[in-house]
Amino acid sequence: MFRPQIQKTSTLFFIALFNLVLVFLAVKSETKVKKIGYEDKIIAVEMMEQLIFELNKNFIIEKSKLDLYNSGLIGLQNSPITTIQDNDSLMFKSKLLTTHPNFAALIVEFFYDAEISSGDTIAVSMTGSFPGANLALLSVCETMNITPIIMSSAGSSAWGANRVDLSWPIIESYLFDNNFLRNRSIVYSMGGDNDNGDNLSDKGIEILESSIPNNVNFINEFSLIDNISKKINFFDSNSNNYSMYVNIGGGASSLGNGLDKDSLQVGLINFLDIQDIGFSEFKKSISYNFLTEKSIPMLNIKNIIKLVPQDYVSDIMTGDMKVGKGSLFYKYDPYNPFVISLCLLLSIALIVAIGIYSHIQIKKRMETHEVDSVV
């Protein structure tokens, strides 16, 4: 018995199966979307990449096999200017995570989340422990036209800027003096225990003192409290309109003395986040002053493994991180309008094609049937 193509069981089964495949593709489709601040992220990342290039071009840096991206920002396990020794692998991993230029994109994201924008002024406390994070922040400030009022400690923990010939004061001075940066530290302190190098040798202190530029204020008071007070006064005298306080590393003046500062929350922090904190030394710190007395939010760049997305950690440690690529730059929204539209058109096209073919079959059959009837 004659049946047109559209009425055949095999054809209907094929149409159903084909449409199920199209529905599956449409449901599983995604749209690649640029994340907030994408343009600033790309510019900041490229600038940090350029700063790293300039350092490597102008300094003889003995690269370590541990420096996966040949940044030259991974220092030594120990040196005369090392303030904290490496007790576990977490310290090294944290340092490595900040050496990739993509770390600048993370800071851009934090700034956008905190609504920091062009023309804002921020207060910054840096240490030599995270030269990568320092360069990332400076790159972001240049990119977003943000003015940082910076105070740095010269010393560094293991694997940071702890080479005698490449400490943080030397790195910063070179980049500033050669016009690669518009901003630099206005104040330096020694760093280490009590922020005056109590855990450094006399030789280490002498090396760091000689690396600090003569035209930069040097704070080296007898006690940590005096150092903190003097730094707060410097911050206050340079601006009364800060939008954020940024801490990089574990400086005693910035976060308080002692190891309990490792328990502090990382990322963006406001006053409500520290109300129940049990770390008494923190209440004497610069950070606490900004959060409470000035009611200014804080960005705490420390414990980097907790700070960055998990896929960032895995990509860095496997050596797969590409500049300007990854979850810091793009997100994937469910459903892709193009894929859905294409699937709809294919489904309609298939049904129409089979319908037309069946119509032609029926027409031919009817013409043949009419001829037979006449005969």
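Residues numbered from 1 in each chain as written. Predicted model: local features only at pLDDT ≥ 70, side-chain atom pairs only at ≥ 80, totals over all residues. Heavy atoms only, no water.

Asks: Looking at this model, I keep getting lost on the overall build of the protein chain. Mind explaining?
Replies: Check the secondary structure of the protein chain and you find 13 helices and 11 strands. In summary, the protein chain has a C-alpha radius of gyration of 31 Å against a globular reference of 21 Å for 375 residues, an excess of more than 25%. Counting only C-alpha atoms, the protein chain reaches 120 × 45 × 40 Å along its principal axes. Counting over 375 residues, the protein chain shows a buried share of 50%. Counting contacts in the protein chain only where the partners sit at least 6 residues apart, residues at least 24 apart contribute 81% of the total. Per element, the accessible surface of the protein chain, about 18,500 Å² overall, is 56% carbon and sulfur. Separation between the mean location of the 30 positive side-chain charges and that of the 40 negative ones in the protein chain comes to 10 Å. (Helix = DSSP H or I, 4+ residues; strand = E, 2+ residues; numbered from the N terminus. Rg over C-alpha atoms; globule rule 2.2 N^0.38 Å. Buried < 20%, exposed > 50% of the residue type's maximum accessible area, 1.4 Å probe, protein only. Contact = heavy atoms within 4.5 Å. Areas by Shrake-Rupley, 256 points an atom, 1.4 Å probe, with all protein chains shown as cover. Lys, Arg positive; Asp, Glu negative; His and termini not counted. Charge placed at Lys NZ, Arg CZ, Asp CG, Glu CD.)

Asks: Help me out: how do you make sense of the packing of aromatic side chains in this one?
Replies: When we look at a pair of aromatic rings, we describe it by the centre distance and by the angle of the planes. The full count for this structure, using the stated rule, is 11 aromatic pairs. Between the aromatic rings of tyrosine 38 and tyrosine 330, the centroid separation amounts to 5.4 Å while the plane-to-plane angle is 50 degrees, which identifies the pairing as tilted. Of this pair, tyrosine 38 sits in helix 2 (residues 38-58) while tyrosine 330 sits in strand 11 (residues 330-334), and the two are 292 residues apart along the sequence. By the burial criterion, tyrosine 38 is buried, and tyrosine 330 matches it. For the pair tyrosine 174 and phenylalanine 180, a centre-to-centre distance of 6.2 Å together with 35 degrees between the ring planes defines the contact as tilted. For tyrosine 174, a relative accessible area of 16% puts it in the buried group. Connected via pairs of aromatic rings, a cluster forms that spans Phe235, Tyr242, Tyr245 and Phe290. (Phe/Tyr/Trp six-rings, centres within 6.5 Å; stacked < 30°, edge-to-face > 60°.)

Asks: Which parts of the structure should I look at to understand the pattern of salt bridges?
Replies: Side-chain pairing between opposite charges can occur once the charged atoms of the two side chains come close. Under the counting rule described, the total for this entry stands at nine salt bridges. Residue glutamate 54 pairs with lysine 57 through a salt bridge whose shortest N-O separation is 3.4 Å. Here the residue glutamate 54 and the residue lysine 57 both occupy positions in helix 2, the gap between them amounting to three residues, near one helical turn. With a closest N to O distance of 3.1 Å, glutamate 281 and lysine 284 form a salt bridge. Accessibility expressed as a relative area gives 41% for lysine 284, which makes it partly exposed. (Salt bridge = Lys/Arg side-chain N within 4 Å of Asp/Glu carboxyl O.)

Asks: Before we go on, may I ask you to explain the environment of serine 280 in this structure?
Replies: Tracing the chain through its elements places serine 280 in the loop between strand 9 (267-269) and helix 10 (286-293). As a C-alpha pair, serine 280 and glycine 258 span 22 residues in sequence and 10.0 Å in three-dimensional space.

Asks: Could you clarify how one ought to interpret the sheet that holds strand 2 (residues 121-126) in this entry?
Replies: Strands belonging to one sheet form pairs held by backbone hydrogen bonds; the direction of such a pair is parallel or antiparallel. Spatially, seven strands are ordered 7-6-3-2-8-10-9 in an open sheet, and the strand pairing comes out mixed. The sheet is open, and its two borders are formed by strand 7 (217-219) and strand 9, each paired with just one other strand. Direction aside, the axes of adjacent strands within the sheet are offset by 20 degrees on average. Here strand 6 (residues 185-189) runs beside strand 7; their pairing, made up of three bridges, is parallel. By the bridge assignment, tyrosine 188 is partnered in strand 7 with phenylalanine 218. In the packing of helix 6 (residues 168-177) onto the sheet, the strands contacted are strand 2, strand 3 (147-153) and strand 6, and the crossing angle to strand 6 comes to about 165 degrees. (Pairing = 2+ DSSP bridges. Axes fitted to C-alpha atoms, helices over the stretch in contact; angles between N-to-C directions.)

Asks: It is not clear to me how the environment of asparagine 134 should be interpreted in this structure. Could you clarify?
Replies: In this fold, asparagine 134 is placed in helix 5 (residues 131-144). Residues asparagine 134 and serine 157, spaced 23 residues apart in sequence, show a C-alpha to C-alpha distance of 14 Å. Once residues within four sequence positions are removed from consideration, asparagine 134 is found in contact with Met126, Thr127, Trp168 and Ile248.

Geometric descriptors of this kind do not, in isolation, establish any biological role.
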